[in-house]
2 protein chains.
Amino acid sequence: MSAHGPSPALFFETISGFERTEALRAALELDLFTIIGTGRRTAQQIAESCQASPRGVRILADYLTILGFLQKEGENYLLTPDSEAFLARPSPAYLGGMVDFLLTPQLEACFRRLTDAVRKGGTATSEEGTVSHDNPIWVAFARAMAPMMKLPSQLLAELAGGDRQQPLRVLDVAAGHGLFGIAFAERYPRAHITALDWPNVLAVATENARRAGVSDRHALLPGSAFDTEWGGPYDLVLLTNFLHHFDVPTCEKLAARALAALAPGGRALTLEFIPEADRVTPPATARFALTMLATTAHGDAYTFAEYEGIFTRAGFARNEFHPLPPTAQQAVVSYKA
Amino acid sequence: MSAHGPSPALFFETISGFERTEALRAALELDLFTIIGTGRRTAQQIAESCQASPRGVRILADYLTILGFLQKEGENYLLTPDSEAFLARPSPAYLGGMVDFLLTPQLEACFRRLTDAVRKGGTATSEEGTVSHDNPIWVAFARAMAPMMKLPSQLLAELAGGDRQQPLRVLDVAAGHGLFGIAFAERYPRAHITALDWPNVLAVATENARRAGVSDRHALLPGSAFDTEWGGPYDLVLLTNFLHHFDVPTCEKLAARALAALAPGGRALTLEFIPEADRVTPPATARFALTMLATTAHGDAYTFAEYEGIFTRAGFARNEFHPLPPTAQQAVVSYKA
């Protein structure tokens, strides 16, 4: 409510959310932020650089200014510090490639059937949603999301603590891009990582391990996390952005497999979107539950109390909760004994 | 930038904009706000009422809480004052029906080709975009958008000023839902309105005139604003949410037709999204330009200086700019002499 009484502003802002998505997608497809970063600043100059219409560029750039991605001074558009860091290609933190995953038609199709998903209590697009065997979406995910996982993976490796010179046996379950295991290999020079995932996805993890120079300590365990023998014993089992796809009994099964694969004194490290008990804070964490409703049959953003129940019932001795600022994610450390 | 340095928060918030659209669409399709308004407040109670899954409702309602459409107290979801006013069906200001127009597949398709529209400088979906003859989208528009036009139409009628008991001849160009002309009929008991639009759209205006009890002073002029004789003379010509679809020369032609149809001392009243000269403020006004880029060949959110040029070149003597708070729209009053 404003001074004028109730306002429809939030309704309009929200219902037009898809316009924002499309504006940002268009800007990334035209590489507008990179172009502005090279000093082309007027609509005319930018349009020449990306073979677009000056009028089209002007309207798009004004819209991006309104959203906060650009600053406008007279006829010149300038990058904000955030846009320079994340949306211009020369930046090592460039996130534009994530669009290939975040806006993949399969995910969008899931959201377009959200009403049906609410009725059903899970994705309306298929029995399993995105969690199907060898779904190519996870290769797209592994390639697209890696830049975003750098910071959380480093924070998780720091969280593990301990003597960095000791040997460390790490199982990276559903490794995907492999960045979590790789971060442990980088931080712990004597760590050996075993990356478990479908073979097509492990190809991406292998590339990333090579790029990080840790290939000699990065072994592959191709297959499903449910059917493959996990081997071991390990000092650490990493469950990163994996449990949210499943219902509680399935999470318990995975937790039990982790327990069985751990050496005495070992720990499971779970990285997840873990909202407070109210399930609506922090916002960037809590809203992930909707993605799970839209895209999976039973997935969720579980609270710490729920993860505590899962790991305790699976036989873990105790659990700790750790926020990982500035990311929107949190960690649970579960102790075998 | 936050205390932590550059943040990708705006990128994530924006790229996921379509999720917000779909969440709000789902809530309206399930009539969730109306249900909560009747006192069903837990996910279980709401789910029973709309034959949905409690888990699905819980996740959707949490997401709507995060966005600010609901408040959550324990397990209870409550309407905000804004949601009660605009999103629960019993409210006379209910806006949920607007979704039929705002999310019509044709408009969404325009936005999905936004990159091409930026390249081309106009809609990528057809030569004319939504501005094609007798396009059925305008019937959907006329039905869906009427609730939103109530306030601006009243503000425009107030702006006209003058003696309310004098006769007033009003031409409502591209009348659509007819609400603008009807507001003049309501405010000026001796006003006669002539509503010009395509015949299929005028059916909606006629319904609304009947509902307002002004049918006897509401005449129809079926046809295109470009080809039909406008008749006259009129004291007022209303150009509401119409000029934004066209390029400047076309606007000038329409302004010239308005001038020719006006009696001496008559005025053209233009209601539009008219941003400041910087084209990025006020935000809710300025962002309309992107909709015109996506959906029309040449449309725009013109500034007051541009409208001044249009009406002056068409022969009007002078122009005044009027904001219409609390709406996001503005008016230009153009004087014949």
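Reference entry: report on the structure contained in this document. The model shown is predicted, which means the values in this text are computed figures rather than measured ones. (Residues numbered from 1 in each chain as written. Chains lettered and ligands numbered in written order. Predicted model: local features only at pLDDT ≥ 70, side-chain atom pairs only at ≥ 80, totals over all residues. Heavy atoms only, no water.)

## A word on the overall build of chain A
When helices and strands are tallied, chain A shows 16 helices and nine strands. Its C-alpha atoms give chain A a radius of gyration of 22 Å, near enough to 20 Å, the size a compact globule of 337 residues would have. Burial statistics for chain A: of 337 residues in total, 61% are counted as buried. Here the analysis covers contacts within chain A between residues at least 6 apart in sequence; of these, 69% occur between residues at least 24 apart. For chain A, the separation between the mean place of its 29 positive charges and that of its 36 negative charges on side chains is 2 Å. (Helix = DSSP H or I, 4+ residues; strand = E, 2+ residues; numbered from the N terminus. Rg over C-alpha atoms; globule rule 2.2 N^0.38 Å. Buried < 20%, exposed > 50% of the residue type's maximum accessible area, 1.4 Å probe, protein only. Contact = heavy atoms within 4.5 Å. Lys, Arg positive; Asp, Glu negative; His and termini not counted. Charge placed at Lys NZ, Arg CZ, Asp CG, Glu CD.)

## So, the sheet that holds strand 5 (residues 218–222) of chain B
Residues and elements named next belong to chain B. On the basis of which strands lie adjacent, the open sheet formed by seven strands has the order 5-4-3-6-7-9-8 and mixed pairing. A single partner strand is all that each edge strand has here, and the edge strands are strand 5 and strand 8 (318–323). Averaged over all pairs of adjacent strands, the angle between their axes in this sheet comes to 20°, without regard to strand direction. Pairing between strand 8 and strand 9 (residues 330–335): six bridges, direction antiparallel. Pairing of Arg318 across the sheet is with Tyr335, part of strand 9. Contacts between helix 13 (residues 248–261) and the sheet are confined to strand 6 (234–240) and strand 7 (262–272), with strand 7 contributing the most and set at about 145° to the helix. (Pairing = 2+ DSSP bridges. Axes fitted to C-alpha atoms, helices over the stretch in contact; angles between N-to-C directions.)

## Focus: the relation of the copies chain A and chain B
If you rotate chain A by 180° and push it 0.0 Å along the axis, it lands on chain B with an RMSD of 0.0 Å. Here the transformation between the copies is reduced to the relation of a two-fold axis. When the interface residues of chain A are mapped onto chain B, 100% of them are again interface residues, pointing to one common binding face. (Least-squares fit on C-alpha atoms with pLDDT ≥ 70 in both.)

## Some thoughts on the packing of aromatic side chains
The full count for this structure, using the stated rule, is 22 aromatic pairs over all chains. Seen from their ring centres, Phe226(A) and Phe246(A) are 5.2 Å apart, and the 85° between their planes marks the pair as edge-to-face. Residue Phe226(A) is located in the loop between strand 5 (218–222) and strand 6 (234–240), and its partner Phe246(A) is located in the loop between strand 6 and helix 13 (248–261); the two are separated by 20 residues in the primary sequence. According to the relative accessible area criterion, Phe246(A) is buried, its value standing at 8%. Ring geometry for Phe304(B) versus Phe321(B): centroids 5.5 Å apart, planes at 50°, classification tilted. Of this pair, Phe304(B) sits in helix 16 (residues 304–313) while Phe321(B) sits in strand 8; the two residues are 17 residues apart in sequence, bridging distant segments of the chain. Among the aromatic residues, ring-to-ring pairing joins Phe226(A), Phe242(A) and Phe246(A) into one connected group. (Phe/Tyr/Trp six-rings, centres within 6.5 Å; stacked < 30°, edge-to-face > 60°.)

## Quick word on the packing of helix 8 (residues 105–112) of chain A against helix 2 (residues 17–29) of chain B
Following both chains from N to C, one finds helix 8 of chain A and helix 2 of chain B inclined at 20°, their axes separated by 9 Å at the closest point. It follows that helix 8 of chain A is roughly parallel to helix 2 of chain B by the angle criterion. Note on element contacts: helix 2 of chain B touches helix 8 of chain A through Phe18(B), Glu19(B) and Glu22(B), opposite Glu108(A), Phe111(A) and Arg112(A). Of the residues in the contact of helix 8 of chain A with helix 2 of chain B, the class split is two nonpolar, no polar and four charged. (Parallel < 35°, antiparallel > 145°, perpendicular 65-115°, else oblique. Nonpolar A, V, L, I, M, F, W, Y, C, P; charged D, E, K, R; others polar.)

## Thoughts on the interface of chain A and chain B
Each partner contributes to the interface: chain A provides 77 residues, whereas chain B provides 77 residues. Interface area, chain A with chain B, both sides summed: about 6,900 Å², of which 70% is carbon and sulfur. On the chain A side of the contact with chain B, Phe11(A), Phe18(A) and Arg287(A) bury the most area, a combined 10% of that side's loss. Applying the counting rule to chain A against chain B returns four salt bridges. If you look at where chain A meets chain B, you find 24 residue pairs in polar contact (both at pLDDT 80 or more). (Buried area = accessible area lost by both parts, 1.4 Å probe. Salt bridge = Lys/Arg side-chain N within 4 Å of Asp/Glu carboxyl O. Polar contact = N/O pair within 3.5 Å; in protein donor to acceptor, adjacent residues only side chain to side chain.)

## Observations concerning helix 11 (residues 179–187) of chain A
Counting buried residues in helix 11 of chain A gives seven out of nine residues, a clear majority hidden from the surface. Looking at helix 11 of chain A, one finds that the buried residues are Leu179(A), Phe180(A), Gly181(A), Ile182(A), Ala183(A), Phe184(A) and Ala185(A).

## Here we look at the packing of helix 13 of chain A against helix 16 (residues 304–313) of chain A
The packing of two helices is summarised by the inter-axis angle and the distance between the axes. Residue and element names in this part refer to chain A. Interhelical geometry of helix 13 versus helix 16 gives an angle of 50° and a closest axis separation of 8 Å. One element, helix 13, and the other, helix 16, form an angle in the oblique class. Judged by the twist between their axes, the crossing of helix 13 over helix 16 is right-handed. For the pair helix 13 and helix 16, contact is made by Val248, Cys251, Glu252 and Ala255 and by Ile310, Phe311 and Arg313, respectively. Broken down by class, the residue content of the contact of helix 13 with helix 16 amounts to five nonpolar, no polar and two charged. (Left-handed = near helix turned anticlockwise from the far one by under 90°.)

## So, the pattern of salt bridges
The tally for this structure, following the rule as stated, stands at 28 salt bridges over all chains. Between Arg313(A) and Glu252(A) there is a salt bridge whose closest N-O contact spans 2.7 Å. Pair noted here: Arg313(A) is in helix 16 and Glu252(A) is in helix 13, with a separation of 61 residues, a long-range link. Judged by relative accessible area, which is 52%, Arg313(A) ranks as exposed. A salt bridge links Asp116(B) to Arg119(B), with the nearest nitrogen and oxygen atoms 3.5 Å apart. Separated by three residues within a single helix, Asp116(B) and Arg119(B) lie in helix 9 (residues 114–120), roughly one turn from each other. Residue class for Arg119(B) comes out partly exposed when judged on its relative accessible area of 38%. Counted as one network, the salt bridges with shared partners bring together Glu22(A), Arg25(A) and Glu108(A).

## Examining the sheet that holds strand 7 (residues 262–272) of chain A
All names here are of chain A. The seven strands lie next to each other as 5-4-3-6-7-9-8, forming an open sheet whose pairing is mixed. Of all the strands in the sheet, the pair left with one neighbour each is strand 5 and strand 8 (318–323). Averaged over all adjacent pairs, the angle separating strand axes in this sheet is 20°, with direction ignored. Relative to strand 9 (residues 330–335), strand 7 runs antiparallel, the two sharing six bridges. Within strand 9, the position partnered with Thr270 by the bridge is Val332. The strands touched by helix 10 (residues 137–160) within the sheet are strand 6, strand 7, strand 8 and strand 9, with strand 7 carrying the most contacts at an inclination of about 150°.

## What to know about the pairing of strand 6 of chain A
Residues and elements named next belong to chain A. For strand 6, a buried count of seven out of seven residues is recorded, marking the element as mostly surrounded by other parts of the structure. Across four bridges, strand 3 (residues 168–173) lies against strand 6 in parallel orientation. Paired with Val173 across the two strands is Leu239, which belongs to strand 6.

## As for the side chain of Ser7(A)
Take Ser7(A): it is sitting in the segment before helix 1 (9–15). From its side chain, Ser7(A) meets the backbone nitrogen of Ala9(A) in a polar contact 2.9 Å long. Other than its neighbours up to four places away in sequence, Ser7(A) contacts Asp82(B) and Phe86(B).

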